[in-house]
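These are the residues of each chain, in order.
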Amino acid sequence: MNAKKKCRQYMETPPYLKYLKFGFIASPHNVQLPFCLICEKTFSNEAMQPSQLKEHLLKIHFDKLEKPLSFFQDLKIKKSVPLSNDTVSKRIDKMADDVEKKLVNSLRKSDFTLQIDESTVTDNKAILLAYVRFINNNKEFVEELLFAKSLITDTKGSSIFQMVNEYFTQKNIPLTNIIACATDGTPSTTGRHVEFIANLKKPFQVSLMFIVLFLLLFKKKLSGILHETLQYVIKSVNKIKASSLNDRLFRELCFDNDEEFERLLRHTAVRWLSKGKCLCRFFELFDSVIEFFDKIDPVLKDNLKQRKIEIGYLTDIFQKMNEVNLKLQGNNINFIKAKWVVSPLIAKFDLYKMDINRQELSQFPNLRACSDANGEIPVDKIKIFSDHILQLKNDMKSRFKDLLELQIPNWILDAIILQSVEDLEPDLQMEFIDLKHDCVTQIVFKQVGFELAWVKLKDKYPQLWRKLSCYFFPSRQRI
């Protein structure tokens, strides 16, 4: 009868040092097996002999042969970090809590702007996102996600305010630290009496600046025929992209037609630039699309051919709106710059409308490509386009009313140009005289521009900064 095989044991007591000095510990999966800390290989129990462990270190890791015991002890600590799902999750939560505590501490003692956005995700779950913008200790503008919480029942303004107020109360963040608020322009946030903005204004003894930053996507303002045209385009794209066979056949057709592109772009409602990009690509491949649907869907082909002029117009107008949207993105945008972008766009609508009415289509290259031999567009279609442009202008003026009415003092842009302080408020006059005769300040304005200059000088001229700070907080917008 064979004797029972001897099994060596790794001991977590001082004798284990005879293994550790060669770079070995017990395997995390089986304490009876030696585990090399350097190459992270597990060996058999028979190899758990100091002579064999030393031989492994000498042959494989000879550069570590003279390392002291403390080296392997530090390595053991690093390798012994548990990586189970629960442990990783707990550590992520702990780090997130630490980041949140630091952010909350900053908001308790500094002014900031708040941006609220409500969105519906999968399973019809309503999510409320809150972003804040403030100046950190390095005197830099920073943007942080404050929280993302689920709205359990409805998405009314009162429910949104209740969630925001509960969070601020729980974290001891004064609502009065909010110097400006940005919303998405929906009725639940912009109502005057019972919605989010109305509720948020109540704690303030002074007027709080509220800027409606987001405008409803102007596709929702399309007239009947323009809306139908857009649906035909989306239907065509989906019919090609939804089938792998159709997608391959269409790519081959585009290759044979020597098209610059071989793929259509799919629209998604979440990506707010996608409709403009989808239309632009669709119009570039319009002839190939018509040819493709000639056999598989003649009815859709005929509808597209009849709406080519409308597709050309929508491509142009969406492209113009996308250009403005891009200008309103990024961390460097603020209320002053936003007004500089939005105001010219609204003024341009009058020019677009006038050009459309007199068949001057230089601003609409895709629409001009659809004109007849005389370079003209049918009058009935011109009327549709003209009415749509007017509707866009009126809607934007309504949505951006707060931003358009925002009065920006000239001395904010250049403090040196103000010759007299009589028009300033009494509590600002003394500081402004000091500022005007401060040679260092003049150099700062010339070197870094008005925005960063005021941030750098905010501690030196606190009264002036309190007056103008709300203008400089960046806040992203989209149309």
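- If you check an unreviewed UniProt entry, the protein appears there as SCAN domain-containing protein 3-like from Aphis craccivora.

### Considering the packing of aromatic side chains
No. 1: Taken as a whole and assessed by the stated rule, the structure comprises 13 aromatic pairs.
No. 2: Ring geometry for Phe283 versus Phe286: centroids 6.4 Å apart, planes at 35°, classification tilted. With respect to burial, Phe283 and Phe286 carry one shared label: buried.
No. 3: By the ring-pair criterion, three or more aromatic residues cluster together here, those being Tyr313, Phe349, Tyr352, Phe364 and Phe385.

### Describing a negative patch on the surface
No. 1: A cluster of acidic side chains, namely Glu252, Asp256, Glu262, Asp287 and Glu291, defines a negative patch on the protein surface.
No. 2: Elements with a minimum of two residues in the negative patch: α9 (244-256) and α11 (286-296).
No. 3: Here Glu291 shows up in helix α11.
No. 4: The exposure class of Glu291 is partly exposed, given its relative accessible area of 43%.

### Details of the pairing of strand β4 (residues 126-135)
No. 1: Across the 10 residues that make up β4, a large majority, eight, are buried.
No. 2: As paired elements, strand β3 (residues 112-120) and β4 share eight bridges and run antiparallel to each other. Looking at the pairing, Asp117 lines up with Leu129 of β4.
No. 3: Sheet topology places β4 next to strand β5 (residues 141-151); 10 bridges connect them, and they run antiparallel. Note that in β5 the partner of Ala130 across the bridge is Phe147.
No. 4: Here β4 hands over to β5 after five residues, with Lys139 in that stretch at a positive phi of 60°.

### Observations concerning the side chain of Lys64
No. 1: Turning to its location among the elements, Lys64 is positioned in the loop between α2 (50-60) and α3 (69-79).
No. 2: Taking the relative accessible area as the measure of exposure, Lys64 reaches 19% and is therefore buried.
No. 3: Within polar-contact distance, the side chain of Lys64 engages the side chain of Asp63 at 2.8 Å.
No. 4: For Lys64, the contacting residues outside a window of four places in its chain are Ile38, Leu57, Phe71 and Phe72.

### Some thoughts on the environment of Thr315
No. 1: By the secondary structure assignment, Thr315 is in helix α13 (residues 308-327).
No. 2: You can call Thr315 buried: its relative accessible area is 1%.
No. 3: C-alpha separation for the pair Thr315 and Phe364, spaced 49 residues apart in sequence, amounts to 8.9 Å.

### Quick notes on the nonpolar core
No. 1: Judged by nonpolar contacts, the single largest core of 76 residues is most densely connected at Phe282, Leu304, Tyr313, Leu367 and Trp454.
No. 2: Per-element tally for this core: the top contributor is helix α14 (residues 335-357), with 10 residues.
No. 3: Those residues within four positions of Tyr313 in sequence are excluded, and the remaining contacts are Leu226, Phe364, Leu367, Phe385, His388 and Ile389.
No. 4: With 23 residues, the next largest nonpolar core counts Leu103, Leu114, Ala126 and Val132 among its residues.

Reading guide: rules and limits
- Residues numbered from 1 in each chain as written.
- Predicted model: local features only at pLDDT ≥ 70, side-chain atom pairs only at ≥ 80, totals over all residues.
- Heavy atoms only, no water.
- Phe/Tyr/Trp six-rings, centres within 6.5 Å; stacked < 30°, edge-to-face > 60°.
- Buried < 20%, exposed > 50% of the residue type's maximum accessible area, 1.4 Å probe, protein only.
- Patch = residues over 30% accessible without salt bridge, like charges linked within 9 Å, V, L, I, M, F, W, Y side chains within 5 Å.
- Areas by Shrake-Rupley, 256 points an atom, 1.4 Å probe, with all protein chains shown as cover.
- Salt bridge = Lys/Arg side-chain N within 4 Å of Asp/Glu carboxyl O.
- Lys, Arg positive; Asp, Glu negative; His and termini not counted.
- Charge placed at Lys NZ, Arg CZ, Asp CG, Glu CD.
- Helix = DSSP H or I, 4+ residues; strand = E, 2+ residues; numbered from the N terminus.
- Pairing = 2+ DSSP bridges.
- Polar contact = N/O pair within 3.5 Å; in protein donor to acceptor, adjacent residues only side chain to side chain.
- Contact = heavy atoms within 4.5 Å.
- Core = buried A, V, L, I, M, F, W, Y, C linked by side-chain atoms within 4.5 Å.

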